[in-house]
Structures are given as C-alpha cells and as structure tokens.
Amino acid sequence: MRQQTKGIGYMLCSALCFSMMNACVRLAGDVPSMQKMFFRNLISMLVALFLIWREKVPIHVPRPQWQHLFFRSFWGTVGVVCNFYAVDHMLLSDATMLNKMSPFFALLFSAWLLHEGATAVQMLLSFVALGGCVFILKPTLSGLISPVALIALLGGMTAGLAYTEVRILGVAKVNKDVIILIFSLFSCLTALPFLIFDYRAMTLGQLGFLLLTGMFATGGQFCITSAYCCAPASEVAVYDYSQILFAAVLGYFLFQQAPDALSVTGYVVICTAAVAMTLYNRRRSASCRT
C-alpha cells in the first residue's frame with residue numbers, strides 16, 4: 001500500500017507538471033511550435049545525458065531495435081508539435097483532453113502491431129472514449145470539424161503510437177534514459193532547420209517561459225516514470241487524468257477560459273471510460289494471478 005500511495009503521488013505530480021508545461025507553452029505567446037518544441041526537448045536531452053553520464057550507462061541499442069527507436073522518436077515528435085499547436089489555438093482543457101486519448105490509441109495500436117490480444121470490453125471502452133471526443137470536436141451540421149481539434153486528436157494518436165514503440169523497446173530492455181536522450185536529440189535536430197530559417201526573435205519573458213516548459217516537461221517525464229516503477233499501471237494510470245482538472249483550473253485563472261457543456265460532457269465520457277478500463281484491467285490482472 002505504501003508503494004501504491006507513492007505511485008499515486010508521483011502520477012499526480014506528473015499531471016501537474018505536464019499541465020504547467022502546456023500553460024507555459026501558451027504563455028510563451030507568438031512563437032512557432034517547432035521553436036517551442038526545441039526548447040522543450042533541449043532540457044530533457046541535457047538531463048537525460050547527465051543521468052547517463054552519472055550512472056555510466058552505455059549508449060547501446062541492439063540493431064533490431066533501432067527502427068523502433070526511430071519510430072518512437074518520429075511519432076513522439078509529431079505528437080509534441082501537434083499538442084503545442086493545439087494548446088496555442090484552443091481551450092487548454094480541450095487540447096489536454098484530446099491529447100489524453102493516447103492510452104486508448106496505444107491499446108489499439110498494441111493489439112495491431114504487437115498482437116497483444118485486446119478483449120471485447122477493452123475495445124468497447126476505447127470506442128466509447130473515441131465517442132466522447134465527438135463532444136469536444138463539435139462537428140457541425142455540414143459535417144465539418146475544426147482543423148485545430150483534429151490536429152489535437154492527431155497528437156493523441158501519434159503519442160499512442162510512440163508509447164507503443166516505447167513498450168517494444170522496454171520489452172527489449174533498452175534503457176529508459178537512452179530512449180529519452182535519443183527522442184529528445186531527434187526532436188531538437190528536427191526543429192533545428194526551422195530555427196535556422198524561421199527563427200522568431202523572443203523577449204526575455206518568452207525565453208523564460210520556454211525554459212520553464214522544458215523543466216516542467218522533464219519533471220513530468222521523470223515523475224511518470226517513477227510512478228510506474230512504484231506501482232502497476234492498473235493502479236496508478238487513471239490518476240494521470242487529473243491533468244484535465246489542472247488544465248481547466250489553469251485555463252480559467254490564467255486565460256479566462258471555460259469549457260462549454262459539450263466539452264464537459266466529452267470529458268466525463270472519456271474519464272468514465274478510463275476509470276472503467278482501469279477497474280477492468282485490475283480485476284483481470286487479479287483473476288490471472290489466481
């Protein structure tokens with residue numbers, strides 16, 4: 001029980017850090033998303049490099065895993081850019097909620113790519129969560145959906161793909177700090193041409209918010225890793241959805257944003273599906289042990 005409590009605490013800290021990261025992204029103002037991503041991942045890269053140096057971890061990845069490391073980095077980079085763009089152009093809580101579809105997408109992609117059998121209940125709950133997205137996407141009578149909302153959902157989908165690749169690398173015993181280092185380096189190199197040819201001059205305040213973005217992102221990354229080290233995902237993963245509450249509070253007080261009734265309905269549907277998935281997985285794991 002003590003480890004479970006620590007895991008919940010780490011997960012709540014992670015959710016708060018990622019909410020603060022998104023708030024700082026928006027507070028940085030009119031800066032290109034690629035420029036924001038560069039500073040976000042630069043801090044993570046330096047911290048991961050320091051940890052690898054301190055622990056004397058060899059930067060070695062078996063050749064068969066390099067393609068998975070590439071796709072983890074590629075899809076993760078796309079996910080970050082989509083999330084940052086959405087945070088800049090829609091309600092903070094809406095962007096956060098659509099990004100939190102990543103665990104459901106990870107389940108679907110794991111069933112497809114890893115042939116990990118998803119049960120009928122898990123698939124049903126995943127599609128219920130996708131149905132909840134409709135309330136946030138708000139398609140019009142003409143069938144149109146906001147491009148920004150679609151980009152936010154794309155961010156959640158590509159993050160799900162990235163997490164699937166992380167699972168493959170984890171099973172192959174690739175060091176987590178090496179995964180973070182390569183992903184962060186890949187993202188920085190991807191953003192570098194945009195910085196060279198489309199650099200936007202920043203005020204000292206904007207630079208400060210982008211550095212805070214990197215610090216909160218790094219804190220969130222290591223807190224969520226610690227949470228999963230302390231307790232099984234079935235016991236702590238659902239607490240990651242507290243990020244929606246943090247995002248709503250920050251959006252209201254910092255940007256005077258308030259989600260409408262349709263968005264709140266979507267939050268309730270998706271969070272209910274997440275809680276039901278957690279309870280189902282916990283019961284399923286317990287029955288497998290017995």
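Residues numbered from 1 in each chain as written. Predicted model: local features only at pLDDT ≥ 70, side-chain atom pairs only at ≥ 80, totals over all residues. Heavy atoms only, no water.

A. Structural context of the overall build of the protein chain. When helices and strands are tallied, the protein chain shows twelve helices and zero strands. For the protein chain, the succession of helices and strands along the chain, N to C, is α-α-α-α-α-α-α-α-α-α-α-α. When the 290 residues of the protein chain are sorted by exposure, 48% land in the buried category. Across the protein chain, the fraction of contacts at a sequence separation of at least 24, relative to all contacts at a separation of at least 6, is 90%. Working note: accessible area of the protein chain is about 14400 Å², and carbon and sulfur atoms make up 71% of it. (Helix = DSSP H or I, 4+ residues; strand = E, 2+ residues; numbered from the N terminus. Buried < 20%, exposed > 50% of the residue type's maximum accessible area, 1.4 Å probe, protein only. Contact = heavy atoms within 4.5 Å. Areas by Shrake-Rupley, 256 points an atom, 1.4 Å probe, with all protein chains shown as cover.)

B. Layout of the packing of aromatic side chains. For the structure shown, the criterion picks out seven aromatic pairs. Where Tyr-252 meets Phe-253, the ring centres are 5.2 Å apart and the plane angle is 90 degrees; that geometry is what we call edge-to-face. The partly exposed category is assigned to Tyr-252, whose relative accessible area is 49%. Ring pairing ties together the aromatic residues Phe-70, Phe-71, Phe-74, Trp-75 and Phe-186, which thus form one cluster. Directly above the ring of Phe-255 sits Arg-26, whose terminal nitrogen or CZ lies 5.3 Å from the centroid. (Phe/Tyr/Trp six-rings, centres within 6.5 Å; stacked < 30°, edge-to-face > 60°. Lys NZ or Arg CZ within 6 Å of the ring centre and 35° of its normal.)

C. Up close: empty space enclosed by the protein. Scanning all chains against the criterion turns up one cavity of 30 Å³ or more. Those elements that place two or more of their residues in the lining of the largest cavity are helix H2 (33-55), helix H8 (176-197) and helix H9 (204-230). Looking at which element gives the most residues to the lining of the largest cavity, the answer is H9, with four residues. (1 Å grid on protein atoms, 1.4 Å probe; cavity = no way out; pocket = protein on both sides within 12 Å on 5 of 7 lines; lining within 4 Å. Points joined across faces, edges and corners; volume = space filled by probe spheres on them.)

D. Main features of the packing of helix H4 (residues 92-99) against helix H11 (residues 242-255). Viewed as axis vectors pointing N to C, H4 and H11 meet at an angle of 160 degrees, and their least axial separation amounts to 8 Å. On the basis of their axis angle, the class for H4 and H11 is roughly antiparallel. Between H4 and H11 the crossing geometry is right-handed. In contact with Leu-92, Ser-93, Thr-96 and Met-97 of H4, H11 contributes Gln-243, Ile-244, Ala-247, Ala-248, Leu-250, Gly-251 and Phe-255. Of the residues in the contact of H4 with H11, the class split is seven nonpolar, four polar and no charged. (Axes fitted to C-alpha atoms, helices over the stretch in contact; angles between N-to-C directions. Parallel < 35°, antiparallel > 145°, perpendicular 65-115°, else oblique. Left-handed = near helix turned anticlockwise from the far one by under 90°. Nonpolar A, V, L, I, M, F, W, Y, C, P; charged D, E, K, R; others polar.)

E. Layout of unusual backbone geometry. With a phi angle near 55 degrees, Lys-56 is a residue other than glycine that sits in the positive phi range. Looking at the element boundaries, Lys-56 is found in the loop between H2 and helix H3 (66-89). The exposed category is assigned to Lys-56, whose relative accessible area is 72%. Phi is positive for Lys-173, close to 65 degrees, though the residue is something other than glycine.

F. Seen up close, H11. Compared with the 20 Å implied by 1.5 Å per residue over 14 residues, the 19 Å span of H11 between its first and last C-alpha is a close match. Among the residues making up H11, those that are buried are Ser-242, Gln-243, Ile-244, Ala-247, Leu-250, Gly-251 and Phe-255. Looking one or two residues past H11, Gln-256 carries a phi angle of roughly 55 degrees, positive in sign. (Expected span 1.5 Å × (residues − 1).)

G. The nonpolar core, seen in detail. Grouped together as the largest cluster of nonpolar side chains are 51 residues, with contacts concentrated most on Met-90, Leu-98, Met-101, Phe-104 and Ile-270. Of all hydrophobic cores here, the second largest spans 13 residues; its members include Val-57, Val-178, Ile-180 and Leu-181. (Core = buried A, V, L, I, M, F, W, Y, C linked by side-chain atoms within 4.5 Å.)

H. Inspection of the state of the cysteines at higher detail. Counted under the stated rule, the structure contains zero disulfides. Among the cysteines around Cys-13, which has no disulfide bond, Cys-223 carries the closest sulfur, lying 5.1 Å off. As a non-bridged cysteine, Cys-223 has Cys-17 as the owner of its nearest cysteine sulfur, 5.0 Å distant. Cys-223 sits in the buried class, given a relative accessible area of 17%. (Disulfide = S-S within 2.5 Å.)

I. Seen up close, H4. Counting buried positions along H4 gives eight out of eight residues, so the element sits mostly inside the fold. Among the residues of H4, Leu-92, Ser-93, Asp-94, Ala-95, Thr-96, Met-97, Leu-98 and Asn-99 are the ones counted as buried.

On their own, these measurements won't tell you what the molecule is for.
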